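# Architecture at a glance
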Amino acid sequence: MGIGERMTIQKTSIDSAVVRFAGDSGDGMQLTGGQFSSTSAWFGNDLATLPDYPAEIRAPKGTLFGVSGFQLQFAAQDIRTPGDQPDALVVMNPAALKVNLDDLRPGGVLVCDEDAFNKRNLQKAGYEANPLDDPSLKERYRVYSIALTKMAVNIGKETGLGNRDAERAKNMVALGLMYWLYDRPMSLTEQWLKSKFGRKPEILETNLRALRQGYAFGETAELFAERYEVVKQSDTQAGIYRNITGNQATALGMVAAGELSNRSVFLGSYPITPASDILHEMSRHKDFGVVTFQAEDEIAGICSAIGAAWAGGCAWTTTSGPGIALKSEAMGLALAAEIPMVIINVQRGGPSTGLPTKTEQSDLLQCLYGRNGDSPMPIVAAASPGDCFYAAIEATRIAQRYVTPVILLTDGYLANGAEPFLIPDVDSLPTIHSPGYDGTAEDYEPYRRNDDLARPWIAAGTPDLHHRIGGLERAENTGHISYMPDNHQRMTELRAAKVEKIAEDLPPLEIVGAESGDLLVIGWGGTWGAITTAVKTLHGSGKSVGSVHLRHLNPLPADLGEIIGRYKKVVVPELNNGQLIRLVREKYLVDAKGINKIQGKPFFETELVEKLSAHLED
Amino acid sequence: MGIGERMTIQKTSIDSAVVRFAGDSGDGMQLTGGQFSSTSAWFGNDLATLPDYPAEIRAPKGTLFGVSGFQLQFAAQDIRTPGDQPDALVVMNPAALKVNLDDLRPGGVLVCDEDAFNKRNLQKAGYEANPLDDPSLKERYRVYSIALTKMAVNIGKETGLGNRDAERAKNMVALGLMYWLYDRPMSLTEQWLKSKFGRKPEILETNLRALRQGYAFGETAELFAERYEVVKQSDTQAGIYRNITGNQATALGMVAAGELSNRSVFLGSYPITPASDILHEMSRHKDFGVVTFQAEDEIAGICSAIGAAWAGGCAWTTTSGPGIALKSEAMGLALAAEIPMVIINVQRGGPSTGLPTKTEQSDLLQCLYGRNGDSPMPIVAAASPGDCFYAAIEATRIAQRYVTPVILLTDGYLANGAEPFLIPDVDSLPTIHSPGYDGTAEDYEPYRRNDDLARPWIAAGTPDLHHRIGGLERAENTGHISYMPDNHQRMTELRAAKVEKIAEDLPPLEIVGAESGDLLVIGWGGTWGAITTAVKTLHGSGKSVGSVHLRHLNPLPADLGEIIGRYKKVVVPELNNGQLIRLVREKYLVDAKGINKIQGKPFFETELVEKLSAHLED
Amino acid sequence: MTEQPQLKAKDYKSDQEVRWCPGCGDYAILSNIQKAVAATGLPREKHLFVSGIGCSSRFPFYMETWGFHTIHGRAPAFATGAKLQNPESCVWVVTGDGDGLSIGGNHLLHLMRRNVDVQLLLFNNEIYGLTKGQYSPTSGVGLVTKSTPMGSIDEPVSPARLALGANASFFARVIDTDHKSSAEIYRRAVEHKGTAVIEILQNCVIFNDGVFDHITDKKTAKENQLHLVQGEPLRFGAESDKGIALVNNQPTVVTVGENGITEADLIVHDEQAGAFYGGLLAGMDSQTFPAPLGVLWAHDRLSYEQQAHEQVGKAKARPGAGDLHRLLHAADTWVVE
Amino acid sequence: MTEQPQLKAKDYKSDQEVRWCPGCGDYAILSNIQKAVAATGLPREKHLFVSGIGCSSRFPFYMETWGFHTIHGRAPAFATGAKLQNPESCVWVVTGDGDGLSIGGNHLLHLMRRNVDVQLLLFNNEIYGLTKGQYSPTSGVGLVTKSTPMGSIDEPVSPARLALGANASFFARVIDTDHKSSAEIYRRAVEHKGTAVIEILQNCVIFNDGVFDHITDKKTAKENQLHLVQGEPLRFGAESDKGIALVNNQPTVVTVGENGITEADLIVHDEQAGAFYGGLLAGMDSQTFPAPLGVLWAHDRLSYEQQAHEQVGKAKARPGAGDLHRLLHAADTWVVE
Ligand SMILES: Cc1ncc(C[n+]2csc(CCOP(=O)(O)OP(=O)(O)O)c2C)c(N)n1
Ligand SMILES: Cc1ncc(C[n+]2csc(CCOP(=O)(O)OP(=O)(O)O)c2C)c(N)n1
Ligand code: SF4
Ligand code: SF4
Ligand SMILES: [Mg+2]
Ligand SMILES: [Mg+2]
């Protein structure tokens with residue numbers, strides 16, 4: 001069927017779709033994508049999103065490095081990733097086309113703002129000729145070259161808004177068109193526009209009209225051969241849902257952890273991409289007694305948190321990789337002195353400043369070992385944006401029960417990505433306990449341990465139990481400074497044993513796919529969605545493959561070794577050059593193989609299916 | 001033979017002896033031990049020393065934590081450690097007795113300053129009664145309770161020196177006595193006293209007399225049943241020798257590395273125990289063009305060194321564990337930008353401030369992994385005090401040839417311990433080369449690699465080749481900022497491959513003992529002496545055991561895997577809770593076992609022999 | 001909680017043996033602080049001592065209060081967290097010239113500008129004691145130390161000038177062994193709401209013995225010490241005839257009775273006068289001027305933790321505040337049935 | 001080495017696309033610095049630009065010179081090492097108010113006191129630009145940002161006061177777009193032997209637009225800018241009738257011709273006057289006073305690298321200096337045959 005021929009429009013029902021919006025940093029692509037997501041979620045689809053933006057604030061217009069993108073997958077059934085290749089791609093200028101075109105599925109829908117394909121922009125994007133004029137483009141994709149900017153400007157003429165402001169509504173034209181294409185309601189976005197531009201009537205009116213005109217354009221322009229329908233998800237768990245990003249979920253988990261442990265929350269932090277939004281979000285929850293302290297640097301951030309934890313607070317510090325490097329000396333103090341608190345690392349591409357706005361899982365080894373001396377610290381990793389909420393609570397549970405600093409790992413993909421989140425009943429959340437002391441002051445010893453090997457956590461300021469702590473080696477029980485050889489050996493072993501003990505209390509691992517057989521896939525962190533989907537696909541097609549996902553990286557779950565023993569091969573896919581795989585090989589002496597993607601991007605399901613298949617055939 | 005009976009004094013010839021001096025921080029034990037060492041070295045013995053002093057500067061007199069000790073072993077043949085248990089122990093007060101007595105070999109010589117065993121001192125040391133009055137002491141050891149202080153004070157009366165000053169010469173009385181006991185010449189110490197106190201005649205005279213009187217006392221007091229003779233070492237390599245500590249050797253190696261690479265040396269450092277002495281020593285070598293910069297903190301220390309290396313210097317930073325934690329972010333930049341320089345970590349007991357004056361090998365994992373992102377860095381470790389010299393040169397060779405930061409690991413034991421050092425012929429030392437560029441400015445690309453995968457190292461300031469570098473991911477070859485997915489994968493892999501490539505150029509490992517068989521012992525760093533000695537002992541007694549010592553920890557030597565394959569079992573003794581063992585298990589999938597001593601002290605040969613035997617029998 | 005009888009200085013001595021060198025100035029400071037803490041009348045548990053690393057930073061171990069011996073240079077940050085968490089406590093920061101001005105200079109700077117309500121005891125001995133004698137940021141130019149065999153070339157930091165630069169609200173200077181002034185100054189520091197910086201001139205007998213002799217020596221003390229008294233003119237000298245006046249817009253040592261100078265020409269000490277006058281005192285170099293001792297300035301401004309908790313209080317007063325259920329639902333939600 | 005013809009500003013433009021937001025004040029600064037660098041007459045390779053992290057710290061990428069974009073806050077330390085290693089080079093440090101005064105405050109402080117000979121360009125936009133708009137150490141109290149939804153409570157740092165506190169030998173202030181003053185000030189900074197700190201008031205159009213409008217606004221510029229000229233009285237105002245005088249020992253805005261004030265009463269600008277006068281300028285708060293612009297002070301003192309290399313030179317002049325063989329044998333030795 002040739003493109004461009006006139007025909008009646010068919011509505012095809014599909015299971016899921018992947019859409020990507022891309023344009024200049026100033027084109028509002030993150031907003032547009034966000035609206036499409038909210039609408040789809042509210043409509044009843046499952047979904048997952050992946051924003052991708054440049055390290056520059058507002059890179060000069062039209063440049064390749066200034067391109068900002070937002071991808072989402074929405075579906076009638078359970079999905080776990082924002083999808084591999086978009087089915088539909090909206091590009092607002094030539095640079096966006098250049099950066100994104102390779103990802104578009106062959107035969108996919110390509111919507112372009114033809115007004116932006118002028119000489120200057122083409123040149124900036126490094127095009128010698130207008131690619132829209134290239135017939136091969138139309139052979140490979142269904143191209144819709146539309147005057148989005150002109151439509152917006154014309155609307156401005158009607159509403160009395162100047163050209164420059166009106167032009168900005170071009171993203172709403174695009175959004176309206178996509179709403180039409182995927183048969184989505186416009187009401188939620190209309191509401192949102194009203195609340196946002198309520199005080200600026202011309203702008204509001206322009207945007208509302210732009211949205212509707214985009215929709216109407218699809219209906220009337222008779223350009224499109226097909227439109228699609230992704231029905232509500234039917235197998236969803238009942239309940240109240242909201243859309244949530246990983247950073248939001250983390251922040252809500254932090255607030256919840258404070259409530260659940262009945263302690264006021266303290267966050268000492270220094271801004272760094274992609275962790276800053278947690279600080280922003282937390283600074284808005286002072287009504288929970290949350291104190292946020294934007295420190296002078298990462299070191300002061302964690303030190304203030306340790307100080308607050310010493311004084312009894314539910315204390316946190318948030319950062320990304322380079323910040324962890326700076327915090328490592330203080331992390332050593334927290335673990336040596338045994339102070340409960342949580343260090344959150346929203347991982348990004350490294351080493352050094354690396355790829356600050358891109359995702360990566362390359363701080364696992366740093367978090368395990370990046371401190372002087374033998375210094376074991378529990379590590380928890382979140383699996384999806386919504387899971388960040390529960391992971392924050394779990395990290396706090398461990399910190400407070402075992403009286404130890406804990407590291408919570410998320411990453412740029414989880415942090416900025418979003419998914420529908422089943423809002424839990426507050427009463428269903430676990431309460432969090434920490435060992436106290438109720439004997440006499442005379443009998444009190446600050447480093448005497450309970451069965452968990454945890455010492456009591458007594459807030460500085462508590463009457464009668466005052467004592468001194470610090471980073472010099474402490475004598476068992478009393479905590480006095482001790483340079484005694486045997487004591488140091490014993491304390492080093494106790495610190496290690498305490499962390500190992502946490503494993504006794506972890507739930508059994510869940511296996512996806514085959515319970516035993518040819519291939520076990522071990523994953524951790526934000527790759528959960530892609531790995532699970534790929535393994536289900538393979539298993540569904542009859543392969544003997546199963547996967548486990550590690551939420552706890554230190555200690556490793558007690559049953560992992562036994563599970564590994566049930567499979568012939570072990571593969572560890574990671575977004576790094578091989579980190580968890582080192583632990584697996586070392587601990588279980590199994591010749592595990594890695595699948596390592598180090599591109600600042602999450603795994604595609606398809607690439608995992610392909611690479612895992614290769615391992616199965618080996 | 002009962003102790004204390006009168007008899008003629010026999011002189012017994014022995015192969016080796018271990019002597020320890022212990023007293024208050026103010027008693028001059030380090031000096032006394034140092035003199036005994038120099039004399040023994042000069043006399044022609046092989047020797048090794050182990051100072052052990054408190055974290056306090058001058059802890060209050062008589063306290064347990066204020067005890068300072070100095071142990072040495074001297075021998076007629078090749079030795080590698082300061083010995084396990086002293087054969088003779090000199091204690092200047094009750095606290096020193098309490099802290100050290102357990103180490104003394106049963107039947108060993110115990111010399112006590114009886115004047116110091118007064119009520120106050122006994123109380124401070126926690127003795128209820130005078131232990132010298134306890135008959136069981138005399139049953140177990142050969143006890144000589146001597147009025148050392150009184151002897152010194154009396155000498156002062158003759159020389160006209162006041163009591164307080166004269167009292168200080170009691171260490172010389174003790175030294176003289178030990179010289180007599182082990183038949184050592186006094187001349188070297190006499191010379192040293194003359195050069196030290198040349199301008200203070202009463203003090204000089206008092207000390208000289210004290211030394212001689214101690215010697216004469218042994219001769220005449222008829223207390224001693226035996227004296228000993230340790231003859232000159234006969235199997236020593238010919239050449240000129242000096243005594244050297246690890247920190248001195250490191251500093252000399254740094255100066256030499258500058259000369260060998262024909263670059264001026266820059267050291268950016270911040271004082272920290274036990275690394276500070278390297279800074280002190282280097283600050284005295286300005287005549288080599290060495291610039292030392294005592295920075296405001298560890299971070300500024302390394303950053304200044306990176307800046308100097310960028311500008312073409314042979315640059316170093318020196319520190320200990322907590323300082324490495326602080327430097328880790330900057331280390332990431334050096335490896336990302338690929339700047340040649342050496343980071344020296346003189347390890348001490350951790351975690352956190354830990355045991356600042358005690359030795360440990362617990363920073364290996366920190367040095368391997370303690371940075372954000374995938375950030376491989378070569379690691380070299382010194383094996384003995386004198387070897388620090390060569391290890392510093394080797395670290396520089398790697399840094400400059402491969403254009404990468406390199407970590408050099410030593411430890412508190414090596415740093416402060418001493419041994420005779422065969423002074424090398426300067427012309428025999430290797431020259432050090434780094435890749436340069438001799439093409440045209442137009443063709444120049446700062447990140448184009450040679451066969452070693454190294455980029456050219458061009459000093460900032462060089463005409464025509466100016467360019468920009470930094471920590472954001474760099475495009476292959478050009479080095480321009482690049483956020484491109486494939487480039488990041490490639491650059492990450494290249495950085496890893498470059499470090500792996502170093503292995504191709506390393507000499508084959510030397511095996512001590514059995515070349516194959518039941519048990520392979522793998523060691524690294526400062527435990528070389530103890531492990532080698534223990535393995536030789538076991539092998540000599542017919543056990544099928546061999547050992548290899550790793551000078552390179554990253555990358556591991558290419559032949560290690562093959563060697564491991566030749567033995568039934570692998571054991572990795574370490575002064576930590578298991579660090580190298582993780583690498584060995586992970587890389588070679590061998591069920592290696594650890595021997596882990598975490599007491600701030602080096603291994604004893606005997607304990608290694610015992611524990612290795614147990615593994616052999618298992 | 002036991003009854004709290006009125007405590008004496010000795011009640012603040014911990015059971016840990018003091019581990020400084022005999023003769024170290026730290027002993028006098030410890031004793032003065034134990035008295036000062038007793039004088040606050042607060043129960044032991046209200047006092048939190050936070051220190052970094054250095055000889056001086058061992059201080060908390062010797063106090064029968066809460067104590068935290070942290071890591072090198074970061075004590076101000078730990079103290080900020082502790083004070084924000086527990087604003088009722090009386091927080092003391094103990095630091096040295098190396099700990100506080102070398103590695104920790106930035107934290108000190110930000111503590112002072114934020115005005116967190118702590119007493120900061122800066123033990124200035126112009127040397128690194130614990131690491132055995134390297135020069136510090138306050139060491140004089142030319143000082144020969146282990147790391148400067150040819151003499152230091154670094155211009156020293158003046159704690160007073162730095163404090164002024166950071167807009168510290170309270171700055172005082174005292175000699176380690178001056179028990180009388182200490183009592184008064186520590187009392188003032190505790191009363192001050194905000195960061196009270198006290199520079200203590202502390203003698204290190206081992207590595208920098210006598211470095212303050214020109215100030216502390218009893219024989220010349222009157223000539224070289226300028227004791228500041230609120231509302232009194234800046235006078236000093238054995239005969240109390242010398243003083244400080246502005247001559248040609250520059251602070252100058254003058255003699256009352258000479259060149260027509262009268263008491264009225266002398267500058268009158270005013271702790272609240274502001275940065276300009278603070279600069280005058282802080283800038284008095286020891287070659288030309290006597291050392292100003294006592295409270296150099298004390299300005300009132302809101303403390304950091306007070307403002308932080310005021311915002312929390314306001315937020316908590318909002319309707320629906322602090323309800324977790326509400327927070328979790330505070331977004332576009334939808335129901336799946 | 002190629003021939004070095006006289007270079008123009010454009011010869012210092014690198015081939016990298018500039019990536020700041022349209023309208024950002026950084027563009028004007030870049031262009032002014034390219035001119036200033038050309039004006040030095042030094043060949044390109046003599047210029048070393050070292051920066052930290054931030055929008056401003058991207059600067060070196062746009063200069064056709066040597067450049068090092070390092071890590072957050074540490075540029076002064078890298079620059080110190082580079083300058084010590086290569087004292088012949090002309091080193092520029094580029095930093096922001098977050099990079100230089102928050103995380104990097106301590107390095108800046110120590111750079112200034114040591115007086116390493118670099119030009120330090122402090123891009124002050126009173127905000128964290130690159131991390132998308134959190135308040136910075138120079139942000140005003142009450143500023144609402146992403147991390148301070150109820151307004152900042154931190155007392156801001158004044159770069160001038162801090163520089164004075166650290167005994168910086170040169171301090172100047174300039175507006176990003178003031179091309180004329182820029183040329184003069186950058187020239188002076190290059191000539192100055194020692195750390196020349198230049199605070200550049202830089203507008204961030206995205207996150208803190210117009211924060212310096214009260215100073216830069218053309219309409220009120222004359223009232224709110226105090227241009228400092230060596231040897232001239234401190235005068236300003238549309239009619240140039242206002243000035244600064246010491247009234248009751250306090251700096252005060254006066255009007256010449258009113259209340260008997262004459263030009264002779266006005267303070268005369270003297271860059272070398274010393275810390276006391278520097279404090280007067282640095283302490284002029286923006287509510288009461290116009291903003292002093294130009295060179296606030298410039299004192300001569302030996303630069304750090306000069307003194308360091310003098311020591312090296314002296315040591316090298318000693319007999320037997322620099323001989324490795326000799327060094328290795330410089331201890332008690334013995335011979336084994
Ligand atoms: C991260 C780190 N760097 C360095 C050290 C070593 N160190 C301990 S105390 C100290 C300096 C102490 O000087 P100061 O603060 O003046 O205290 P003083 O001993 O003089 O009282 C140094 C450099 C350390 N403990 N930790
Ligand atoms: C160690 C570290 N911490 C935090 C960051 C994140 N970060 C980058 S720039 C910046 C602040 C920049 O502010 P400023 O120096 O004022 O520069 P501007 O962007 O305003 O020019 C921060 C916090 C980082 N890159 N590295
Ligand atoms: S070294 Fe100096 S400061 Fe430290 S305890 Fe001894 S005398 Fe005091
Ligand atoms: S965010 Fe602000 S400072 Fe950064 S480039 Fe944009 S306008 Fe300039
Ligand atoms: Mg000090
Ligand atoms: Mg800024």
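None of these values were measured; they are calculated from a predicted model.

## Here we look at the coordination of the magnesium ion (ligand 5)
For a metal with four tetrahedral donors the ideal donor-metal-donor angle is 109.5 degrees, whereas six octahedral donors ideally subtend 90 or 180 degrees. Residue and element names in this part refer to chain C. Around the magnesium ion (ligand 5), the protein contributes the donor atoms Asp97 (OD), Asn125 (OD1) and Ile127 (O), at 2.1 to 2.2 Å from the metal centre. Donor residues for the magnesium ion (ligand 5), ordered by position in the chain, follow D-x27-N-x1-I. With Asp97 in helix α3 (residues 97-103) and Ile127 in the loop between β4 (118-124) and α5 (159-165), the pair connects residues that are 30 residues apart, well separated along the chain. A single burial state applies to Asp97 and to Ile127, both of which are buried.

## Here we look at the site of ligand 2
In the vicinity of ligand 2 lie 21 residues, with Glu298 of chain A together with Cys55, Ser56, Asp97 and Asp99 of chain D positioned nearest. Proximal residues around ligand 2 fall on chains A, B and D, making this an inter-chain site. Take Gly98 of chain D: an N or O atom from its main chain is 2.9 Å from an oxygen atom of ligand 2. Taking Leu130 of chain D, its main chain carries an N or O atom lying 2.9 Å from an oxygen atom of ligand 2. Within the complex, the protein chains bury 98% of what would otherwise be the 590 Å² of accessible surface of ligand 2. Per element, the largest residue contribution to the shell around ligand 2 is three residues, and it comes from helix α3 (residues 97-103) of chain D. Residue composition of the shell around ligand 2, grouped by class: nine nonpolar, eight polar and four charged.

## Quick look at the pattern of salt bridges
Side chains that differ in charge, positive against negative, can pair when their charged atoms come close. By the definition in use, this model includes 91 salt bridges over all chains. Between Glu476 of chain A and Arg490 of chain A there is a salt bridge; the shortest N-O distance is 2.9 Å. Separated by 14 residues along the polypeptide, Glu476 of chain A in the loop between β17 (468-470) and α17 (485-501) and Arg490 of chain A in helix α17 bring together distant segments of the chain. By relative accessible area, which is 39% here, Arg490 of chain A ends up partly exposed. Here Arg209 of chain B and Glu205 of chain B are joined by a salt bridge, their closest N and O atoms 3.1 Å apart. One end of the pair is Arg209 of chain B and the other is Glu205 of chain B, both in helix α9 (residues 201-220) and four residues apart, which spans about a single turn. Among the charged side chains, a network of salt bridges with common partners joins Glu394, Arg397, Arg401, Asp452 and Asp505 of chain A.

## Re the environment of Lys10 of chain D
All names here are of chain D. Of note, Lys10 is situated in the segment before α1 (26-40). By relative accessible area, Lys10 is classed as exposed at 55%. Residues Lys10 and Ala82, 72 residues apart in the sequence, show an inter-C-alpha distance of 26 Å. Reaching out from Lys10, the side chain makes a polar contact with the side chain of Asp11 at a distance of 3.4 Å.

## What about the interface of chain B and chain C?
Each partner contributes to the interface: chain B provides 27 residues, whereas chain C provides 30 residues. Around 2,200 Å² of area is buried between chain B and chain C when both sides are counted, 58% of it from carbon and sulfur atoms. Contact with chain C buries area across many residues of chain B, yet Ile57, Arg58 and Gln294 of chain B alone supply 27% of it, more than any other trio. Between chain B and chain C we count zero salt bridges in total. Taken together, the links from chain B to chain C amount to seven residue pairs in polar contact (both at pLDDT 80 or more). Per-element accounting of the side of chain B that touches chain C gives the leading share, four residues, to helix α11 (residues 276-283) of chain B. Residues that form the side of chain B that touches chain C fall into these classes: twelve nonpolar, eight polar and seven charged.

## What about the packing of helix α7 (residues 170-181) of chain B against helix α8 (residues 187-197) of chain B?
All names here are of chain B. Here α7 crosses α8 at 160°, and the two axes come no closer than 11 Å. The orientation of α7 relative to α8 falls into the category roughly antiparallel. For the pair formed by α7 and α8, the contact residues are Met172, Leu175 and Tyr179 on the first element and Thr189, Trp192 and Leu193 on the second. For the contact of α7 with α8, the per-class residue count stands at five nonpolar, one polar and no charged.

The rules we used
Residues numbered from 1 in each chain as written. Chains lettered and ligands numbered in written order. Predicted model: local features only at pLDDT ≥ 70, side-chain atom pairs only at ≥ 80, totals over all residues. Heavy atoms only, no water. Donors = N, O, S within 2.8 Å, 3.2 Å for Na, K, Ca; no water. Helix = DSSP H or I, 4+ residues; strand = E, 2+ residues; numbered from the N terminus. Buried < 20%, exposed > 50% of the residue type's maximum accessible area, 1.4 Å probe, protein only. Near = heavy atom within 4 Å. Polar contact = N/O pair within 3.5 Å; in protein donor to acceptor, adjacent residues only side chain to side chain. Areas by Shrake-Rupley, 256 points an atom, 1.4 Å probe, with all protein chains shown as cover. Nonpolar A, V, L, I, M, F, W, Y, C, P; charged D, E, K, R; others polar. Salt bridge = Lys/Arg side-chain N within 4 Å of Asp/Glu carboxyl O. Contact = heavy atoms within 4.5 Å. Buried area = accessible area lost by both parts, 1.4 Å probe. Axes fitted to C-alpha atoms, helices over the stretch in contact; angles between N-to-C directions. Parallel < 35°, antiparallel > 145°, perpendicular 65-115°, else oblique.

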